[in-house]
Amino acid sequence: MCALVDETVLAREPKDCAPPRIKPASTAAIRAQLRTGRTVWCPGCSNGIITRAIVDAVLGLGLPQDKVAVFAGIGCSGRIGNYLNYSTVHTAHGRALPFATGAKVADSSLKVIVVMGDGDCAAIGGNHLIHAARRNVDLTAVVFNNSIYGMTGGQKSPTTHMGDRSTTSIWGNAEPAFDLCELARAAGATYVARGTSWAYRQLVELIAGGLVHEGFSFVEAMAVCHTYYGRFNLTADPAKFLLAQKEHAIPADEFEPGEPRRRDRYPVGVLSHVERPPYSDVYAERHARPPEGAARETGGPAQEASGVAQEAGGSKGREPQHGGAPAARLEAGRIEVRVSGSGGQGILLAAAVLADAVAAMGLEVVQTQSYGPEARGGASQADVIASAEEIDYPEVDEADVSLCLSQAAFDRYAAETRKRGLILYDSGLVQACAIPGVRLVGLPFTDTAVCDLGAKVVTNIVSLGALSAFIDWLPPAVVDGAVAARVPAKFKDLNLRALEAGRRLAERALAEGAAGGPDVAGGAGVARER
Amino acid sequence: MPQPRRLIQGNEAVAEGAIAAGARFFAGYPITPSTEIAETLSRRMPEVGGSFLQMEDEIASMGAVIGSSLAGVKALTATSGPGFSLMQELIGYAAMAQVPCVIVDVMRGGPSTGLPTDPSQGDVMQARWGTHGEHSVIVVAPSSVRECFTLTVDAFNFSEQYRTPVIMLSDAVIGHMREAVALPLPEELRIAERGEPDCDPEDYDTVVSTIDHILPRPALGSRFRVHVTGLVYDRRSGAVDTSHPEVAADLGMYLREKIYHHRDAIVRVEEVGMEDAEIGLFAYGSVARSARAAMKAARRKGIAVGLLRPITLWPFPTAAVDRMAEQVRTVIVPEMNIRQMAWEVQAAVAGRAEVVDLGRVDGRLITPAQIDELIERKADRVRAR
């Protein structure tokens, strides 16, 4: 059974299950594809047979030598790149598949062959194997499976069988072996085959079948390591080992479904072949149309500031459009604003809009945020620092104006407001306690959003409207422009009405303050030196 | 016409810088606080004909980046501490096999899973020495959103020019901060393009890079049928050779010298107020912003403080520290780690001035007030003398 969930894509029947017929090339033709005939492999090792089978498959299919790129891992099989006269990369242990994935995705004209040992493929690179199979990039993996770590002197591998001896399992291996083909098939490999060093012609054709297949193809080549595996478990004679392979290999169609695979009995041939579009086709098709759904809204590139905001700020420079504290007061230092609430209340959007508006005034601005591990809930904060000068220290230690949209945010951040600073809070959500030297103004942001605008989601924009009214050098038109640029067009009117509703709340509070109520005129009009 | 100013995040500026530098491949694994780089490039790469891959881990990401670069397509990855640790294996491969690529590490508190989303500068030495074995590396450290863009372009240029992995050490403050910036226009940028060696493929094995003439790496599938390896190889033939000490020595020295010999061209620092400084601040990345604020505050109080801000951390800016050591009595090194760069500064100052470290590992940015306090104490001592 395939372990992939999206099985619908696997429904198509393969065009042709039979691997191509290949006429083996002459030894001279094979040699022309090699850089050298001298290898590090032991006399009698089957790695040379499998290497020749790869070359025969490439020649038999007429693949251009310059376009073949071979990525190999580490170990005996990994040395193959030194010998093949193709573009070759001797990667790191277990990492041949990621290297090959990057190269093939970057340049689809390459014909990519990945050579791995059983350690590369099933131990250190096991994770890469299952994801390469799932991803279905058009690669052909050939695993030289000798069931042992040869280059390091005969330690057990993930394909060493239960009970097998090795230098790290002298009492007999206590772990079962992986069936690599089953693993690859379950992980989604679309062409899976097993051959032996004994049956050379079959091996060539199985590899050729992998090369013509579009998608991730996996060929397990049963290898002979008489030096270690054979000597410890079977026979130290390579010829006898090869003959044993002949006995052990059972044609796939004679192998009973569900029959357990054993050291001395395993199926060979094409074990699985399904058609599923390769990664590059799916990627190209998906990106041919614009993205849909909610995910496109998260993160991503910053929106350009709106034309309105650019116009209002860009052409008028630092001249205030609005009464109150002139921009000149900013030039003495900086103004720090903190917007806080819980995750999901849109505080980041409110801060981003405010920062856009400050930028549109031609001022320097830094906007930062910090949030807890919760995507929703918890207390999170977003800060905006405005200054006429370069802003060095980018953090807010004590805010001039702090907007709190939740009790948790008030409890955590209210104390981080400077003396003579201002805290605006949602009177429907926050039970405020007095903070010495700080002015507190509670306004019904959520109630206004729900009752007057019928949309709780714009609570952040209502509160932004109120907040901006306390920043008297920030013209309403600039804030309107910044909001319009940040929100989707169909919600523009709603958000502009929310801003206006927030401003009215603030103006009422300011009027009451002027009439002898609590003094709320402080706040962001006052800059300070830092 | 200049670009309009717009509010852009440090991580987004890295992504845009990579596109501007000609990168057309990104592979990565999401990790806070670097994720916006992956998110942005997952959208931007298809728009510019590039590729985006989310791999199964950071090891695979680094492998895919090397694979892409070997295929001739400029590539980058982005991560934070835990992922940076996983990448060390293949950063060493890229150094050994001389594969140009860019690794962005947006530092957060560690070790291990550490302090997600809170800033740190704890990876400074890991960037230099994280992978095993003797190797050279170029590391840049942005201090502003604009620099996130421009230094990403520089990082790609360095990597192409010197055929080496280049690491950008950003941090959670710089990566997540938004500033209103006008990004440079394409015509204002110098971009090092990947070329082909100017020789016949037949002669390729006989043409050897020198320290002053580093041949570009030919792409896989080009006329040059190359063999790429992480084993020691003969620089002359490219062939693996692990049995001749002189071959290993030649390669090892070359890998170091091809960068160190050019350090005057690579090293970049910003020096502010150093001419008359009695106290010098050595600060990089986000902490340099606090240091600059502290320097301004001290100067308003009449204390002669200067700032040396390394923009490239490695190779180490020895010449600039030399100048500072001759000028000041005290060097203060504020950094969000414990003495990682301060040791290096102390070694370069070599007793000519007092070196004082100011470390912080609680995930909070060092404040100007903290630095100011130390400046005041040191200034009193200077006056007392």
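Participant: With reference to specific residues and values, describe the overall build of chain A.
Facilitator: Each helix and strand in chain A was counted, giving 19 helices and 14 strands. Restricting the contact set of chain A to residue pairs at least 6 apart, pairs at least 24 apart contribute 68%. With an accessible surface of roughly 21,900 Å², chain A has 54% of that area assigned to carbon and sulfur atoms.

Participant: Which residues make up the domain arrangement of chain B, and what values go with them?
Facilitator: All names here are of chain B. Taken domain by domain, chain B holds domain 1 (6–188), domain 2 (201–263) and domain 3 (270–384). One C-alpha centre belongs to domain 1, the other to domain 2, and the line joining them spans 25 Å. At the junction of the two partners, domain 1 supplies 17 residues and domain 2 supplies 21 residues. Both sides of the domain 1 and domain 2 interface together cover about 1,700 Å² of buried area, and 58% of this is carbon and sulfur. Interface area lost by domain 1 to domain 2 is led by Leu70, Met96 and Arg163, which between them contribute 37%. Inspection of the region where domain 1 meets domain 2 yields zero salt bridges. Of all elements in the fold, only α4 (81–97) and α6 (145–162) reach the threshold of two or more residues within the side of domain 1 that touches domain 2. Top element by residues in the side of domain 1 that touches domain 2 is α4. It accounts for four residues. Grouping the constituent residues of the side of domain 1 that touches domain 2 by class yields 10 nonpolar, five polar and two charged.

Participant: Before we move on, can you summarise the pairing of strand β6 (residues 115–119) of chain B with the specific residues and values?
Facilitator: Residues and elements named next belong to chain B. Judged from the two bridges that link them, strand β5 (residues 101–109) and β6 form a sheet pairing that is antiparallel. Of the residues in β6, the one forming a bridge with Arg108 is Pro119. As consecutive antiparallel partners, β5 and β6 are separated by five residues, and within that stretch Ser112 has a phi angle of approximately 55°, a positive value.

Participant: Which residues make up the interface of chain A and chain B, and what values go with them?
Facilitator: At the junction of the two partners, chain A supplies 67 residues and chain B supplies 64 residues. It is A:Phe99, A:Asp392 and A:Tyr393 that lose the most area in chain A upon contact with chain B, and together they represent 11% of the buried surface on that side. Applying the counting criterion to the chain A and chain B interface returns seven salt bridges. Between B:Arg5 and A:Glu364 there is a salt bridge, with the nearest N and O atoms lying 4.0 Å from each other. The tally of links from chain A across to chain B stands at 26 residue pairs in polar contact (both at pLDDT 80 or more). Elements with a contribution of two residues or more to the side of chain A that touches chain B: α3 (80–83), β2 (87–90), α4 (96–106), α6 (126–135), α11 (279–286), α14 (347–360) and β10 (364–370) of chain A. With seven residues, α4(A) is the single largest residue contributor to the side of chain A that touches chain B.

Participant: Which residues make up the packing of aromatic side chains, and what values do they have?
Facilitator: A full pass over the atoms with the stated rule returns 11 aromatic pairs over all chains. Seen from their ring centres, A:Trp41 and A:Tyr83 are 5.1 Å apart, and the 85° between their planes marks the pair as edge-to-face. With A:Trp41 in the loop between α1 (27–31) and α2 (47–60) and A:Tyr83 in helix α3, this pair connects stretches of sequence that are 42 residues apart. Relative to B:Phe224, the ring of B:Tyr204 lies with its centre 5.3 Å away and its plane at 70°, an arrangement referred to as edge-to-face. Of this pair, B:Tyr204 sits in the loop between β9 (178–181) and β10 (227–229) while B:Phe224 sits in the loop between β9 and β10; the two residues are 20 residues apart in sequence, bridging distant segments of the chain. For B:Tyr204, a relative accessible area of 18% corresponds to the buried category. Exposure remark for B:Phe224: the relative accessible area of 1% places this residue in the buried category. An aromatic cluster of three or more residues is present, and its members are B:Phe282, B:Trp314 and B:Phe316. Over the face of the ring belonging to B:Tyr260 we find B:Arg256, whose NZ or CZ atom lies 4.2 Å from the ring centre.

Participant: Please give an account of the domain arrangement of chain A that cites residues and values.
Facilitator: The domain boundaries assigned to chain A delineate domain 1 (12–254 + 261–286) and domain 2 (304–514). Taking the mean C-alpha position of each, domain 1 of chain A and domain 2 of chain A sit 62 Å from one another.

Participant: Quick one: what's the story with the sheet that holds β10(A), residue by residue and with numbers?
Facilitator: Ordered in space as β14(A)-β13(A)-β12(A)-β9(A)-β11(A)-β10(A)-β9(B)-β1(B), the eight strands form an open sheet in which the pairing is mixed. This sheet does not close on itself; its edge strands, each paired only once, are β14 (439–443) of chain A together with β1 (6–9) of chain B. Geometrically, the sheet is characterised by an average inter-axis angle of 20° between neighbouring strands, direction not taken into account. Here α14(A) sits on the sheet and contacts β9 (334–343), β10 and β11 (377–387) of chain A together with β1 and β9 of chain B; the angle it forms with β11(A), its principal contact strand, is near 5°.

Participant: Outline the pattern of salt bridges, supporting the account with residue identities and numerical values.
Facilitator: All names here are of chain A. Taken as a whole and assessed by the stated rule, the structure comprises 46 salt bridges over all chains. Where Lys156 meets Glu175, a salt bridge forms, and the shortest distance between an N and an O atom there is 3.0 Å. Pair noted here: Lys156 is in the loop between β4 (140–145) and α7 (180–186) and Glu175 is in the loop between β4 and α7, with a separation of 19 residues, a long-range link. The class of Glu175 is partly exposed, set by a relative accessible area of 44%.

Participant: Which residues make up the environment of B:Gln88, and what are the values?
Facilitator: All names here are of chain B. Structurally, Gln88 can be placed in helix α4. For the pair Gln88 and Gly130, spaced 42 residues apart in the sequence, the C-alpha separation amounts to 5.9 Å. Residues contacting Gln88, with those up to four places away along its chain left out, are Gln126, Gly130 and Thr131. Among the polar contacts made by the side chain of Gln88, one reaches the main-chain carbonyl oxygen of Phe84 at a distance of 3.1 Å.

Participant: I'd like to hear about the layout of surface pockets, residue by residue, with values.
Facilitator: Roughly 1,000 Å³ of internal volume is contained in the second largest pocket. Taken together, 41 residues form the lining of the second largest pocket, with B:Asp205, B:His227, B:Ser237, B:Gly238 and B:Ala239 sitting closest to its centre. Put simply, the parts of the chain that give the lining of the second largest pocket at least two residues each are α3 of chain A together with β10 of chain B. Grouping the amino acids of the lining of the second largest pocket by side-chain chemistry returns 16 nonpolar, 13 polar and 12 charged.

Participant: Any chance you could break down empty space enclosed by the protein for me, citing the residues and the numbers?
Facilitator: Residues and elements named next belong to chain A. Overall, the coordinates contain three cavities of 30 Å³ or more when judged by the stated rule. Reported here for the largest cavity is a volume of approximately 160 Å³. What lines the largest cavity is a set of 14 residues, among which Ser147, Met222, Tyr229, Phe241 and Arg263 lie closest to the centre. No other element matches the three residues that helix α10 (residues 238–248) contributes to the lining of the largest cavity. Of the pockets and cavities examined, the second largest cavity occupies roughly 40 Å³. What lines the second largest cavity is Ile335, Val337, Leu354, Val358, Val384, Ala386, Ile471 and Trp473. Elements that contribute at least two residues to the lining of the second largest cavity include exactly β9, α14 and β11. For the lining of the second largest cavity, a count of residues per class yields eight nonpolar, no polar and no charged.

Here is what the cut-offs are and how they apply
Residues numbered from 1 in each chain as written. Chains lettered and ligands numbered in written order. Predicted model: local features only at pLDDT ≥ 70, side-chain atom pairs only at ≥ 80, totals over all residues. Heavy atoms only, no water. Helix = DSSP H or I, 4+ residues; strand = E, 2+ residues; numbered from the N terminus. Contact = heavy atoms within 4.5 Å. Areas by Shrake-Rupley, 256 points an atom, 1.4 Å probe, with all protein chains shown as cover. Domains from an automatic or database assignment. Buried area = accessible area lost by both parts, 1.4 Å probe. Salt bridge = Lys/Arg side-chain N within 4 Å of Asp/Glu carboxyl O. Nonpolar A, V, L, I, M, F, W, Y, C, P; charged D, E, K, R; others polar. Pairing = 2+ DSSP bridges. Polar contact = N/O pair within 3.5 Å; in protein donor to acceptor, adjacent residues only side chain to side chain. Phe/Tyr/Trp six-rings, centres within 6.5 Å; stacked < 30°, edge-to-face > 60°. Buried < 20%, exposed > 50% of the residue type's maximum accessible area, 1.4 Å probe, protein only. Lys NZ or Arg CZ within 6 Å of the ring centre and 35° of its normal. Axes fitted to C-alpha atoms, helices over the stretch in contact; angles between N-to-C directions. 1 Å grid on protein atoms, 1.4 Å probe; cavity = no way out; pocket = protein on both sides within 12 Å on 5 of 7 lines; lining within 4 Å. Points joined across faces, edges and corners; volume = space filled by probe spheres on them.

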